[in-house]
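# Secondary and tertiary structure notes
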Number of protein chains: 2
Amino acid sequence: MKEKYVYMFSEGNKDMRNILGGKGANLAEMTRLGLPVPQGFIVSTKVCEKYYNDGKVLSQDVIDEILCNLKKLEKLTNKKLGDKNKPLILSIRSGARVSMPGMMDSVLNLGLNDEVVEGLAKISENKKFAYDCYRRFIQMFANVVMGMDLSKFEKIIDEMKQERGIKLDIEFSADDLKEMIEKFKNLYSLELNAQFPQDIQYQLVESIKSVLKSWNNPRAIVYRKMNNIPSNWGTAVNVQMMVFGNMGKNCGTGVAFSRNPANGENELYGEYLMDAQGEDVVSGARTPKPIALLKEQNLEIYNEFYKYAKLLEEHYKDMQELEFTIENGKLYVLQTRNGKRTAYASLKIAVDLVEEGKISKDEALMMIDAKQLDSLLHSKFVDEELTSREVLTKGLPASPGAGAGKIAFSSEKAKKMHKDKQDVILIRMETSAEDIEGMLACMAILTARGGMTSHAAVVARGMGTACVVGCENLIVNEEEKYCIIDGEKFVEGDEISVDGSTGNVYKGIIKTELATISGYFATVMQWADERSVLKVLANADNAKDATVAYNFGAKGIGLCRTEHMFFQSDRIFAIRQMIVAPNSEERQKALEKILPMQKQDFEELFRVMKGYPVTIRFLDPPLHEFLPNTESEIVELAKEMNVSYELLKNAIDKLHEFNPMMGHRGLRLDVTYPEIAVMQTKAVIEASINVKNEGIEVNPEIMIPLTCETKEYNYVRDIVVKTANEIIEKSNIKLTYKVGTMIEIPRATLIADEIAKTAEFFSFGTNDLTQLTFGFSRDDAGKFLWAYYDKQLFENDPFAHIDEDGVGKLVQNAVKLSKQTRPDIKLGICGEHGGDPKSIDFFHRVGLTYVSCSPFRVPIARLAVAQANIRNRN
Amino acid sequence: MKEKYVYMFSEGNKDMRNILGGKGANLAEMTRLGLPVPQGFIVSTKVCEKYYNDGKVLSQDVIDEILCNLKKLEKLTNKKLGDKNKPLILSIRSGARVSMPGMMDSVLNLGLNDEVVEGLAKISENKKFAYDCYRRFIQMFANVVMGMDLSKFEKIIDEMKQERGIKLDIEFSADDLKEMIEKFKNLYSLELNAQFPQDIQYQLVESIKSVLKSWNNPRAIVYRKMNNIPSNWGTAVNVQMMVFGNMGKNCGTGVAFSRNPANGENELYGEYLMDAQGEDVVSGARTPKPIALLKEQNLEIYNEFYKYAKLLEEHYKDMQELEFTIENGKLYVLQTRNGKRTAYASLKIAVDLVEEGKISKDEALMMIDAKQLDSLLHSKFVDEELTSREVLTKGLPASPGAGAGKIAFSSEKAKKMHKDKQDVILIRMETSAEDIEGMLACMAILTARGGMTSHAAVVARGMGTACVVGCENLIVNEEEKYCIIDGEKFVEGDEISVDGSTGNVYKGIIKTELATISGYFATVMQWADERSVLKVLANADNAKDATVAYNFGAKGIGLCRTEHMFFQSDRIFAIRQMIVAPNSEERQKALEKILPMQKQDFEELFRVMKGYPVTIRFLDPPLHEFLPNTESEIVELAKEMNVSYELLKNAIDKLHEFNPMMGHRGLRLDVTYPEIAVMQTKAVIEASINVKNEGIEVNPEIMIPLTCETKEYNYVRDIVVKTANEIIEKSNIKLTYKVGTMIEIPRATLIADEIAKTAEFFSFGTNDLTQLTFGFSRDDAGKFLWAYYDKQLFENDPFAHIDEDGVGKLVQNAVKLSKQTRPDIKLGICGEHGGDPKSIDFFHRVGLTYVSCSPFRVPIARLAVAQANIRNRN
């Protein structure tokens, strides 16, 4: 049977996202539900796949199928493409399986040429409307399909506005627009050396191709990488009859949410513009009106829309974002999808829907984007600091959270400053898809224009970045890199603070603080914990981090990096003495100095964690990391240490390594200098005894890093056990402790059954394991990985999401082997993947016991482990 | 049932080596065959295992079993330990599964104390003999069991010689020896603060313990590592009744081979000394007589010994090395084992035994130590150079081969000079076990003392290092680091040449050349090839190496490292231009310059290999390897390149990597700079066409290095295929070529099924794969691996022998996966393991197609692949 490539809306439903894309499947579903949807057909994702497989060619059989469906659509609408008497005007829009807002191209108002536009003018009895549609089409076709720069068209518009002394596009007369069309067409032929195409079928096919092509434009690739969307999914292309919101006073268009996407309140929320096309609402060129006003303006339409919004919410069991158009007093629904929302709204909506009896707790948990919770955990201005500050200006609170930093006026600059470890506030007139990377790099976004559904607002909410938009008192000069806020001038690098929850903007830096887990958040976390198999622990090296982790619900410390304590200025001296010690005796002397400090650190951790396991990893990095490397620093340090320059220099030179990542570090240090393992064991065990003597439960776990061979692990383990047991026996305390190892060297995964004989737990160090399995160093990979992303050879950063095909196989193998020897072995992961929901799903599936992540990711991980369990338990 | 720990000789046989050790099993076998073997019992290797498991304690049940067997022995010999009227005197010797000559300790003449020695004097009617035995025992017990320095005893002997004006030990009178005993005992009690023990049972138990302990002495550990002997095998301890070669004129002792171990001639070959103990023959203190003289001195004994030697050779189907003692005219055989021999002798003996109908060709092949063939492949003085040289002096030709280099007088110095890339000749008075590492590091060994069975001779033959011993005209002053050869003084660093095949020593450096494969060698190689499954290819980067490989029988080139050609002075300039090129255009220009040079290289290789596959690996190392790194070099190069210092410095800085081994190299270079792959493909394909036009068959295989992901491999492969096919289509030549990849990144082994879809062959790069699997860099591992060997955490160098437990599992997995996708995939290995017989056995077992090794190891690999097949086919 011939494969089916194109579907009429009436042929699909919401479960066909994979083939119809999200937008297409929802259009089909709404058609099925009997909603007033302008009809059309969907060029399926299979066409996209075929298009790329065929070497970016749209094959004739697909074109034939498109034309065949066009015929059906013409019959259905009783209009005809290119027929001036009953012209069918189309929108051509992308639509991937998951929404990638603004990332791909669309072509609207397709179906017009010099002849048809006159027909449209006649039928609509609205020349201005018809010419407006045509000039929009020329502009969009030239830009999207032919790659011309939009600014050249905008320049013509601006010049004509100036000539006529008008401000808004809608003020142009029909004749103005006709003149504009001529100017546009002249520009087109001048730039492209060809006439603007009058063949409408050609327009259609080229537009479909350009949407397919846009699947692989750079910003779509970046977005996919960011959101972990495979490149082989492809996009569908929705070809839909246009209805017009710009046909006159009785027309309009808008975007609205079935609940408030900022705070989750159960109220219709959105914006609309009369006599406008959809792009006018989103672009921020005209400031739209709140949807509530529609109620006053046209109660009937409002009620009809409200009914549809609630119906769709109930149907999809989630808050919906709808686009609608009113054409001559008739309402059309153009699109529905699960609406983007703030993390806070996400929690409230989920809990509310459960309480309203509309969804189960499982469904509620699955509905929340775990990664988004991040925004609830980082940023809120410290109350005491706020009270003394005057508000500089106020805009729309588009995405909650607080950010303070230095101003940048371009995405480029923001990226650069971020790289230089500066906190950045990105200020723009309005943002566009090109700004994504800058938006990712900043603490907060502030724009002069745009509403709550503008690009800046939507994207910032998705990212969980604080954002204030439509700030009317803000004048931005992006070219000359300054802005004026309420009369005061700010240049790049000046400091401001932006509160996305209130819309307030402040001068200078205001300290931010974390939110705590309460209310809806706490409810969701409780539901999550009830559904978890994996435990969530945290990586914490000091009492401060441990406290954050504990408060965020961590069930222990999965990784305490003892060396982090070494870098403190009062300790580094003793560490350096230990390193340059000429013999074991001197080394032991230096270690003796470190012992009480380490002990104190551990005592503090134990007190915070109140009996939860505290996993202490022994010294890991190569020793040269503790020593300086410039001549002047060495001279200075030699003086300070009271040793000769030559001695110190020689010690440093001897520690030089060609590939430090694969050098003398981890337990290799303990094998060569067993006295280090002895000291660290003493510190852990003596601290445990002290804290236990205070009446606090203690569960220390000693973790030996970098094992690659059973015998080497056993050598160090035996030192630990001997040292520990001697101390415990001498004390009158009954103390139990565990000894285990990091599994971060490929070889360790291959002999995990052997190592598990004497290791009571494993913690997968997936950072190092990823480096060694891929054979590239994270520090160096930047030099070539850009090309891998550009050429789509890698789609994901394997350090962000675990590489299931490679690294994952090693983990899986190690799990299997270790359970053969020790069925109850405790298996965790403490690389960065421990806080990544996608990776957590994998760790759940392979059967780990716990994940350990940074304290700030603990709530994310708590939700993600529940989601993993729900997702996989069927 | 109680485990049996101790065996009488009569309870064992030759197949019990694992439990009785090699020496013990052979003593048992000879007992079984009815040969005149002094009886005894064997403390089995299980005792050694138990001793170490129990924490270096000899448990009472084992001691009881030893004493019980002692009783049996006393009954059998009608002698009694410690009984002055019929004293049993014992030797206590080590004996591992495989011979580790001189590596472990022995105690001889055990059973004497102040009382028994008088009894022995009386019974033997030879006071001098009895006292000589006792003083030897005191000396040995003090040294081996109590750890005293031998030189202190030797000092006493030397002083007494001087007092009495005598030269040799045998010139001492009985009274002298009695006095010496007193002096020895005094020294003993002075040094150890204890009387020399008179309790003979105590002597026995302590001696057995010290032999067990010597299993883990440093030189035994080094030897095991070198010879790949597992540390858990342990040693047996042979307790044997002494017979005495030093009881008078009618007594003697000797060592002999059933065939000539130097040249393989079928003749009894060896040395003996009358009125001596075995150690006197081996130590080189007295120069022994050739065994042929025994025929004249005592035909009957000679004939009896000859009979035994031939009987044992026939029985063991291999050339035997025997130790014998004549006690009062009666012959005893003390030991037999397969004799060490030169590589040449090894080949001749194997072929002769086949021709004599005594063994099969399979047995012949298995009998040859493949590694030893090395000595036949490297060194022979160039004939023309030799004719003009005068022989400086002459010694015994102890191990064939020629070596030229700078003199070193200590093992330490030899190691150091070798590390500095100097060719070294080690000159010693005589060598001992402590010299092993120096002997490994040198081109040839020259000693003043010792015979053909001296330590230097035996060890050098085993190593395949040229060696001349017993050079009487050589006076060595090791302390002051000079020697006098035939009146001329040489100091450390002076140059000489040593011919181990003739015994000649020359002044200055004589050029050496390779031997060719002919005669017995050719016969063995032919038999080997007939039994091979794995093909043997060579790693060769230029026509010279390729020619050597071809002549040594390589069936193609398995690895041509294209970058090696880049370092030639006339090319490095273009390479550097390519590297600092600011854009793709400039880069291409530089590459254009390199193209004709690469093409020419490949043409030469194709011509030499005459249609055998030539596997060309694309550029592999990180680019910074081609650039200088000191300031002055950069300044100079900038001038030479006519670019600014800043530009060059900046380019070099940008190439800096933290972990270059895991950096921007291999196919990552092709992904970022596809023009490199294009140029290299052009060079390979155009060269192929040119050579094919000459009428020579060509089989190029393009190998892409460092693949870790299928898509990246396919990206480069597609460039190769597109470029190659365009050129081939344009030519009128039908050319086939293969494209494949190195498998050297752990991840590649895990997705081998995917990669094999488009890769026609794999070559395992086990050097990098070992580094990444173990997580240590070879360049850095020296900083800590010493501790791993010291502490026996590693027993083998994983770069010398493939790590079957870890790296091997990845290889095996990749083989399995790749055959699922492409059953006929060509699978090779081109790391250093390709020339290692032990690793080759593994590669045979996992089912590779070929191994590729350095040209000089090709014959070794040819034999090893045959042995692997013979060993595994049952």
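One numbering rule holds for all chains: residues counted from 1, following each sequence as written. Throughout, the order in which chains and ligands are written sets their labels, letters from A for the former and numbers from 1 for the latter. In view of the model being predicted, local features appear only for residues whose pLDDT reaches at least 70, and side-chain atom pairs are presented and counted only at 80 or more, with totals across whole chains, interfaces and linings using the full set of residues. Side-chain measures here rest on the full set of heavy atoms in the structure, leaving out hydrogens and waters.

## Focus: the relation of the copies chain B and chain A
Selection rule: Copies overlap after least-squares fitting; the atoms used are the C-alpha atoms of residues with pLDDT of at least 70 in both. Two residues form a contact once any of their heavy atoms are found within 4.5 Å.
After a rotation of 180° and a shift along the axis of 0.1 Å, chain B superposes on chain A with an RMSD of 0.2 Å. Here the two chains are linked by the operation of a two-fold rotation axis. Looking at the rotation axis and the C-alpha trace of chain B, the residue lying nearest is B:N659, at 2.0 Å. Of the interface residues in chain B, 100% have counterparts in chain A that sit at the interface too, so the contact is made through matching surfaces.

## Structural notes on helix α28 (residues 674-693) of chain B
Residue and element names in this part refer to chain B. Formally: Counting from the N terminus, the helices are DSSP H or I runs at least four residues long and the strands are E runs at least two residues long. Multiplying 1.5 Å by the helix residue count minus one yields the expected span of that helix. Each residue is assigned to one of three classes by its accessible area relative to the maximum for its type, calculated with a 1.4 Å probe on protein chains only: buried under 20%, partly exposed between the two thresholds, exposed over 50%.
In this model α28 runs 29 Å from its N-terminal to its C-terminal C-alpha over 20 residues, within 8% of the 28 Å that 1.5 Å per residue would give. Of all the 20 residues making up α28, 14 are buried; the element is thus mostly covered by neighbouring parts of the structure. At the exit of α28 stands G695, carrying a positive phi of roughly 90°.

## Description of the packing of helix α5 (residues 127-145) of chain B against helix α7 (residues 174-192) of chain B
Residue and element names in this part refer to chain B. So the rule is basically this: All axes here are fitted lines through C-alpha atoms, helices being fitted over the stretch that makes contact, and every angle between N-to-C directions spans 0 to 180 degrees. Working definition: roughly parallel below 35 degrees, roughly antiparallel above 145 degrees, roughly perpendicular at 65 to 115 degrees, and oblique for all remaining angles. Helix crossings get a hand from a simple test, with the near helix turned counterclockwise from the far one by less than a right angle marking a left-handed crossing and a clockwise turn marking a right-handed one.
In contact at an axis separation of 8 Å, α5 and α7 are set at 20° when each is read in the N-to-C sense. Between α5 and α7, the interaxial angle falls into the category roughly parallel. The hand of the α5/α7 crossing is left-handed. Contact residues: α5 offers K127, K128, Y131, D132, Y134, R135, I138, Q139, F141 and A142, while α7 offers A174, L177, K178, M180, I181, F184, K185 and Y188.

## Topic: the packing of helix α5 (residues 127-145) of chain A against helix α6 (residues 150-164) of chain A
Axes are the key here: two packed helices are described by the angle between their axes and the distance separating the axes. Residues and elements named next belong to chain A. What counts, and what does not: Three categories are distinguished: nonpolar for Ala, Val, Leu, Ile, Met, Phe, Trp, Tyr, Cys and Pro, charged for Asp, Glu, Lys and Arg, and polar for the others, with Gly belonging to the last.
Direction vectors running N to C along α5 and α6 enclose 155°, while the axes themselves pass 9 Å from each other. Judged on the interaxial angle alone, α6 and α5 are roughly antiparallel. Contact residues: α5 offers R135, Q139, A142 and N143, while α6 offers L150, F153 and I157. Per-class residue counts for the contact of α5 with α6 are four nonpolar, two polar and one charged.

## Quick notes on the sheet that holds strand β13 (residues 402-408) of chain A
Let me state the cut-off plainly: Any two strands with at least two DSSP-identified bridges between them are counted as paired.
Sheet architecture is open: eight strands sit in the order β11-β21-β20-β13-β14-β15-β16-β12 (chain A), paired in mixed fashion. Every interior strand has two partners, whereas the edge strands, β11 (393-394) and β12 (396-399) of chain A, have only one.

## Some remarks on the packing of aromatic side chains
All names here are of chain A. Convention followed: The aromatic pairing rule takes the rings of Phe, Tyr and Trp, using the six-membered ring of Trp, and pairs them if the centres are within 6.5 Å, calling planes under 30 degrees apart stacked, those over 60 edge-to-face and the rest tilted.
The full count for this structure, using the stated rule, is 44 aromatic pairs over all chains. Ring centres 5.7 Å apart and planes at 80° place the aromatic pair F141 and F196 in the edge-to-face group. Placement of F141 in helix α5 and of F196 in the loop between α7 (174-192) and α8 (200-214) is noted, with a sequence separation of 55 residues between them. The two residues F141 and F196 agree in class, both being buried. Between F552 and F856, the aromatic rings sit 6.3 Å apart at their centres with planes inclined by 65°, giving edge-to-face as the arrangement. Here F856 lies in the loop between β29 (850-853) and α36 (858-872) and F552 lies in the loop between α21 (543-551) and β23 (557-561), a separation of 304 residues in the sequence.

## Remarks on the interface of chain B and chain A
Going by this rule: Here the buried area means the combined drop in accessible surface, using a 1.4 Å probe, for two parts upon being joined, counting both sides. Salt bridge, as used here, is a side-chain nitrogen of Lys or Arg placed within 4 Å of a carboxyl oxygen of Asp or Glu. N or O atoms closer than or at 3.5 Å make up a polar contact, with two conditions inside protein: a donor-capable atom paired with an acceptor-capable one, and, for residues adjacent in sequence, both atoms drawn from side chains.
Every contact between the two is made by 50 residues of chain B and, on the other side, 50 residues of chain A. Between chain B and chain A lies a buried interface of about 4400 Å² when both sides are counted; carbon and sulfur atoms form 60% of it. Between chain B and chain A we count four salt bridges in total. Residues B:D803 and A:R747 are paired through a salt bridge, measuring 2.6 Å at the closest nitrogen-oxygen approach. Here chain B is connected to chain A by 30 residue pairs in polar contact (both at pLDDT 80 or more).

## Quick word on the side chain of B:S91
Here B:S91 is to be found in strand β3 (residues 90-96). Excluding its chain neighbours within four sequence positions, the residues that come into contact with B:S91 are B:V107, B:L108, B:N238, B:V239, B:Q240 and B:M242.

## Re unusual backbone geometry
Although it is not a glycine, A:N228 adopts a positive phi angle of roughly 65°. Inspection of the secondary structure assignment puts A:N228 in the loop between α9 (218-227) and β5 (235-241). With relative accessibility at 17%, the residue A:N228 sits in the buried group. Notably, B:N78 is not glycine yet its phi reads approximately 60°, a positive angle. Tracing the backbone through its elements, the reader meets B:N78 in the loop between α3 (60-77) and β3. Note on B:N78: relative accessible area 55%, which makes it exposed.

## Points about the pattern of salt bridges
Applying the stated criterion to the full structure yields 129 salt bridges over all chains. Residue A:D362 pairs with A:R873 through a salt bridge whose shortest N-O separation is 2.1 Å. Of this pair, A:D362 sits in helix α14 (residues 361-367) while A:R873 sits in the segment after α36, placing them 511 residues apart in sequence. Judged by its relative accessible area of 43%, A:R873 falls in the partly exposed class. In this structure, B:D620 and B:R665 form a salt bridge, with 3.1 Å as the shortest nitrogen-oxygen distance. Of the two residues, B:D620 is situated in the loop between β24 (613-617) and α25 (631-641) and B:R665 in the loop between α26 (645-655) and α27 (667-672); the sequence distance between them amounts to 45 residues. Given a relative accessible area of 5%, B:R665 falls into the buried group. Salt bridges linked by common partners bring A:R259, A:K310, A:E313, A:E314, A:E356 and A:K358 together as one network.

## Some remarks on the sheet that holds strand β8 (residues 289-290) of chain B
Residue and element names in this part refer to chain B. With antiparallel pairing, the five strands of this open sheet are ordered in space as β8-β7-β6-β9-β10. Edge strands, defined here as strands with exactly one partner in the open sheet, are β8 and β10 (330-338). Note that strand β7 (residues 269-274) and β8 share two bridges and pair antiparallel. Paired with Y272 across the two strands is K289, which belongs to β8.

## A short note on the confidence of the model for chain A
Keep this limit in mind: pLDDT measures the predictor's confidence residue by residue and takes values from 0 up to 100.
Overall, the prediction assigns chain A a mean pLDDT of 92, with 98% of residues at 70 or greater. Taken together, the chains of this predicted complex give a pTM of 0.82 and an interface ipTM of 0.81.

## Considering empty space enclosed by the protein
For clarity, the threshold we go by: Both site types are read off a 1 Å grid over the protein atoms alone. A 1.4 Å probe that fits but cannot get out defines a cavity, while an open set with protein on both sides within 12 Å along at least five of seven lines defines a pocket; lining residues have an atom within 4 Å of a point. Grid points are joined across faces, edges and corners, and a volume is the space filled by probe spheres set on the points.
Here the structure, examined in full by the defined rule, presents four cavities of 30 Å³ or more. A volume near 90 Å³ is recorded for the largest cavity. In this structure, the largest cavity is lined by A:I221, A:R224, A:K225, A:I229, A:S231, A:Y789, A:Q792, A:F794 and A:E795. With three residues, the single largest contributor to the lining of the largest cavity is α9(A). For the lining of the largest cavity, the per-class residue count stands at four nonpolar, two polar and three charged. Roughly 80 Å³ of volume is contained in the second largest cavity. What lines the second largest cavity is B:I221, B:R224, B:K225, B:I229, B:S231, B:Y789, B:Q792, B:F794 and B:E795. The element contributing the most residues to the lining of the second largest cavity is helix α9 (residues 218-227) of chain B, with three residues.

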